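Secondary and tertiary structure notes
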Amino acid sequence: MSNKESKENCIFCKILSGEFECSEIYSDDTVIAFLDIQPVNPGHVLVIPREHACYLKDLDKDVGGKLFQVGQKVAEAIRNSDLKCEGVNFLLADGEAAGQEVWHTHLHVVPRFENDGFGFKFSEKYFEKPSREELNQVAEKISKKI
Ligand code: 5GP
Ligand code: ZN
């Protein structure tokens with residue numbers, strides 16, 4: 001495990017221990033949820049496991065399920081609040097290439113609305129749809145590893 005991945009250097013573990021402050025939304029024995037310090041939109045929440053799991057591969061799958069369940073509860077609460085929310089994105093960056101910056105797995109719950117300035121960027125090749133044969137070949141590569 002590299003230095004940046006260690007529990008000792010983990011910002012979110014420091015939030016869990018109370019060493020760093022956060023604006024908490026929800027807490028139970030398995031996960032906590034709090035506001036992102038740099039929100040995409042007001043109400044942007046992070047749901048994190050209590051266990052220090054750097055990547056999805058390190059995360060117990062039942063805990064992963066819990067992360068999603070609490071994400072659903074948070075999304076519902078945001079929608080039922082008076083925060084501006086016309087839609088919700090769940091985002092989870094697993095690895096640097098995916099945009100991960102904090103090495104403690106976390107689920108982003110992001111309230112969205114029309115013209116909020118946030119979005120996804122696609123490369124040119126995205127617009128050339130693969131054939132069914134190509135899709136099937138890729139599907140096989142993944143399915144045989146499950
Ligand atoms: P990632 O890019 O790893 O998916 O997202 C990390 C998120 O953690 C970012 O959205 C960033 O704003 C948030 N973040 C980083 N440091 C802190 C912190 O000290 N407190 C809180 N609440 N959020 C943080
Ligand atoms: Zn941690």
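Here is a short report on the structure shown in this document.

1. Quick notes on the sheet that holds strand 1 (residues 24-27)
Pairing is antiparallel across the open sheet formed by 5 strands, whose spatial order is 1-2-3-5-4. Here the strands that pair on one side only, and so sit at the sheet edges, are strand 1 and strand 4 (87-91). Between one strand axis and the next, the sheet turns by 15° as a mean value, whatever way the strands run. Sheet topology note: the strand 1/strand 2 (residues 31-35) ladder contains 3 bridges and is antiparallel. Each residue of the ladder has a partner; that of E24, found in strand 2, is F34. Sitting on the sheet, helix 2 (residues 61-80) is in contact with strand 1, strand 2, strand 3 (45-49), strand 4 and strand 5 (107-112), with an inclination near 160° to strand 3.

2. Section: the coordination of the zinc ion (ligand 2)
Taken together, C10 (SG), C13 (SG), H52 (ND1) and H104 (ND1) make up the protein donors of the zinc ion (ligand 2), found 2.1 to 2.3 Å from the metal. For the zinc ion (ligand 2), the 4 donor atoms in the first shell make angles of 104 to 116° at the metal, a pattern classed as tetrahedral.

3. What to know about the nonpolar core
The biggest cluster of nonpolar side chains holds 15 residues, and the ones touching the most others in it are V45, V47, L67, V74, I78 and V109. Those elements that provide at least two residues to this core are strand 2, strand 3, helix 2 and strand 5. Of the residues forming this core, the biggest block, 6 residues, is contributed by helix 2. If we ignore the near neighbours within four places in the chain, the residues touching V74 are I25, A33, V45, V47 and V109. Among the nonpolar cores identified, the runner-up in size contains 9 residues, and F12, C13, I32 and L46 belong to it.

4. Focus on unusual backbone geometry
Of note, the phi angle at N115 is positive, near 60°, even though the residue is not glycine. Structurally, the position occupied by N115 is in the loop between strand 5 and helix 3 (132-143). Exposure remark for N115: the relative accessible area of 75% places this residue in the exposed category.

5. Structural notes on the pattern of salt bridges
Side-chain pairs of opposite charge can arise where the charged atoms are in close proximity. Within the structure shown, the criterion is met by 4 salt bridges. D28 is the salt-bridge partner of K66, the closest N and O atoms lying 2.5 Å from each other. With K66 in helix 2 and D28 in the loop between strand 1 and strand 2, the pair connects residues that are 38 residues apart, well separated along the chain. Assessed through its relative accessible area of 16%, D28 is described here as buried. A salt bridge links K57 to D58; the shortest N-O distance between them is 3.1 Å. Residue K57 is classed as exposed on the basis of its relative accessible area, which comes to 68%.

Here is what the cut-offs are and how they apply
- Residues numbered from 1 in each chain as written.
- Chains lettered and ligands numbered in written order.
- Predicted model: local features only at pLDDT ≥ 70, side-chain atom pairs only at ≥ 80, totals over all residues.
- Heavy atoms only, no water.
- Pairing = 2+ DSSP bridges.
- Helix = DSSP H or I, 4+ residues; strand = E, 2+ residues; numbered from the N terminus.
- Axes fitted to C-alpha atoms, helices over the stretch in contact; angles between N-to-C directions.
- Contact = heavy atoms within 4.5 Å.
- Donors = N, O, S within 2.8 Å, 3.2 Å for Na, K, Ca; no water.
- Tetrahedral: all angles 85-135°; square planar, octahedral: opposite > 155°, others 65-115°.
- Core = buried A, V, L, I, M, F, W, Y, C linked by side-chain atoms within 4.5 Å.
- Buried < 20%, exposed > 50% of the residue type's maximum accessible area, 1.4 Å probe, protein only.
- Salt bridge = Lys/Arg side-chain N within 4 Å of Asp/Glu carboxyl O.

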